[in-house]
Amino acid sequence: MRIAVLSGAGISAESGVPTFRDDKTGLWAKYDPYELSSTDGWQSHPERVWAWYLWRHHLVERVQPNDGHRAVAAWQDYADVTVITQNVDNLHERAGSTTVHHLHGSLFEFWCDTCGSRFHGPLPDMPEPELEKMPPQCDICGGLIRPGIVWFGEQLPDEPWQAAVEAAATADVLVVVGTSAVVYPAAGLPEVALAQGVIVVEVNPEQTPLSGTATLSIRESASTALPRLLPQLPELLAN
Ligand code: APR
């Protein structure tokens, strides 16, 4: 059986990874999320954008994958599993998933904004959130080092996107978990799958634009629903 998983912020929320919308520190609440995650924001305030992502990088290092991430990894013992994630954390990998495509980049990759060289650290520590910190400079050209995140105004990287379309279109089941299913192009993947006759299972405590068209919509949290999902799939596939 081939399972594709499209995950979003909701699966990591239970591990304590905050989104812009629920930043518990309140420190960044005064900023428009666009300012912190766009090329415009980076160009006008690199020290602000760098501080935000450096803090999130260290924060993610301190949290653990939850039962939702672990269930997805455990499916690999029974199925061919491809994870497509909009999340920039590494919790799927740390739970043991081996094929993970990051559509929106990663908090664990950095490169030079000027010459594109990879930056391998060391990264400054940030035990407490700070609102401003100047990014390190590239050893090769002196340019500023930026996080490997796909910002508003940037194109999705081609390789993970192509892999995601292929996985969604050729799976037996696409599990869509923890995403509001409104941010395109990722939100188009369930449509690609449905058009190919792939069974689409949504896991989300809230209703989304996908809920009406998904084959099955499970109104539960990821950590509750995913560990119970695998035994239900053969019956879904048979119908
Ligand atoms: N289990 C499953 N789903 C959950 C849980 C949970 N425990 N908690 C919340 N959710 C759901 C919410 O109901 C919501 O529908 O997760 C979804 C999170 O939605 P968003 O915050 O919009 O996250 P996401 O869909 O990943 O956002 C897509 O938008 O902010 C940009 O680039 C960023 O990758 C992100 C993209």
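An unreviewed UniProt entry lists the chain under the name NAD-dependent protein deacylase, with Mycolicibacterium sarraceniae as the source organism. Taken verbatim from the UniProt record of the chain, the Sequence similarities (unreviewed entry) comment is "Belongs to the sirtuin family. Class III subfamily." What UniProt records for the chain under Function (unreviewed entry) is the sentence "NAD-dependent lysine deacetylase and desuccinylase that specifically removes acetyl and succinyl groups on target proteins. Modulates the activities of several proteins which are inactive in their acylated form."

> Can you lay out the pattern of salt bridges for me, pointing to particular residues and giving the numbers?
Enumeration over the complete set of coordinates arrives at seven salt bridges. Between Glu 35 and Arg 48 there is a salt bridge, with the nearest N and O atoms lying 3.0 Å from each other. Taken together, the residues Glu 35 in helix α2 (residues 33–36) and Arg 48 in helix α4 (residues 46–62) connect sequence positions 13 residues apart. Look at Arg 48 and you get buried, because its relative accessible area is 13%. Ionic pairing is found between Asp 67 and Arg 70, a salt bridge with its closest N-O pair at 3.0 Å. Of this pair, Asp 67 and Arg 70 both sit in helix α5 (residues 67–74), three residues apart, which is roughly one turn of the helix. Looking at Asp 67, the relative accessible area reads 41%, which means it is partly exposed. Since its relative accessible area comes to 42%, Arg 70 is described here as partly exposed.

> Describe the pairing of strand β7 (residues 199–203), naming the residues involved and giving the relevant values.
Counting buried residues in β7 gives five out of five residues, a clear majority hidden from the surface. Residues Ile 199, Val 201 and Val 203 point to one face of β7 and Val 200 and Glu 202 to the other, with burial holding for every one of them. As paired strands, strand β6 (residues 173–177) and β7 are joined by five bridges and run parallel to one another. Paired with Val 173 across the strands is Ile 199, a residue of β7. For the crossover from β6 across helix α8 (residues 189–195) to β7, the handedness is right-handed. Relative to strand β8 (residues 216–218), β7 is paired through three bridges, and the arrangement is parallel. In the strand pairing of β8, Val 203 is matched with Ile 218.

> Describe in detail the packing of aromatic side chains, supporting the description with residues and values.
The full count for this structure, using the stated rule, is five aromatic pairs. Centroid distance Tyr 34 to Phe 152: 6.0 Å. Interplanar angle 25 degrees. Geometry classified as stacked. Of this pair, Tyr 34 sits in helix α2 while Phe 152 sits in the loop between β5 (145–149) and α7 (158–170); the two residues are 118 residues apart in sequence, bridging distant segments of the chain. Among the aromatic side chains, those forming a connected cluster through ring pairs are Trp 42, Trp 52, Tyr 53 and Trp 151. Over the aromatic face of Trp 151 sits the side chain of Arg 146, whose NZ or CZ is 3.9 Å from the ring centroid.

> Before we move on, could you go through the environment of Ile 3 and cite the residues and values that matter?
Tracing the sequence through the fold places Ile 3 in strand β1 (residues 2–7). With 84 residues separating them along the chain, Ile 3 and Asn 87 place their C-alpha atoms 18 Å apart. Setting aside chain neighbours within four positions, we find Ile 3 in contact with Trp 75, Ala 79, Asp 80, Val 81, Thr 82, Ala 171, Val 173, Val 175, Leu 230 and Leu 233.

> I'd like a description of the UniProt feature "active site" (unreviewed entry) in the chain, backed by residues and values.
Per the UniProt entry, the sites bearing "active site" (unreviewed entry) are His 104 in this numbering. Residue His 104 is classed as buried on the basis of its relative accessible area, which comes to 17%. Excluding its chain neighbours within four sequence positions, the residues that come into contact with His 104 are Thr 85, Gln 86, Val 88, Ile 149, Val 150, Leu 156 and Val 183. Of note is the side chain of His 104, whose polar atom sits 3.5 Å from the backbone oxygen of Gln 86.

About the cut-offs
- Residues numbered from 1 in each chain as written.
- Predicted model: local features only at pLDDT ≥ 70, side-chain atom pairs only at ≥ 80, totals over all residues.
- Heavy atoms only, no water.
- UniProt positions renumbered as here; feature names shortened; annotations may be inferred.
- Salt bridge = Lys/Arg side-chain N within 4 Å of Asp/Glu carboxyl O.
- Helix = DSSP H or I, 4+ residues; strand = E, 2+ residues; numbered from the N terminus.
- Buried < 20%, exposed > 50% of the residue type's maximum accessible area, 1.4 Å probe, protein only.
- Pairing = 2+ DSSP bridges.
- Right-handed = clockwise from strand over helix to strand, strands pointing away.
- Phe/Tyr/Trp six-rings, centres within 6.5 Å; stacked < 30°, edge-to-face > 60°.
- Lys NZ or Arg CZ within 6 Å of the ring centre and 35° of its normal.
- Contact = heavy atoms within 4.5 Å.
- Polar contact = N/O pair within 3.5 Å; in protein donor to acceptor, adjacent residues only side chain to side chain.

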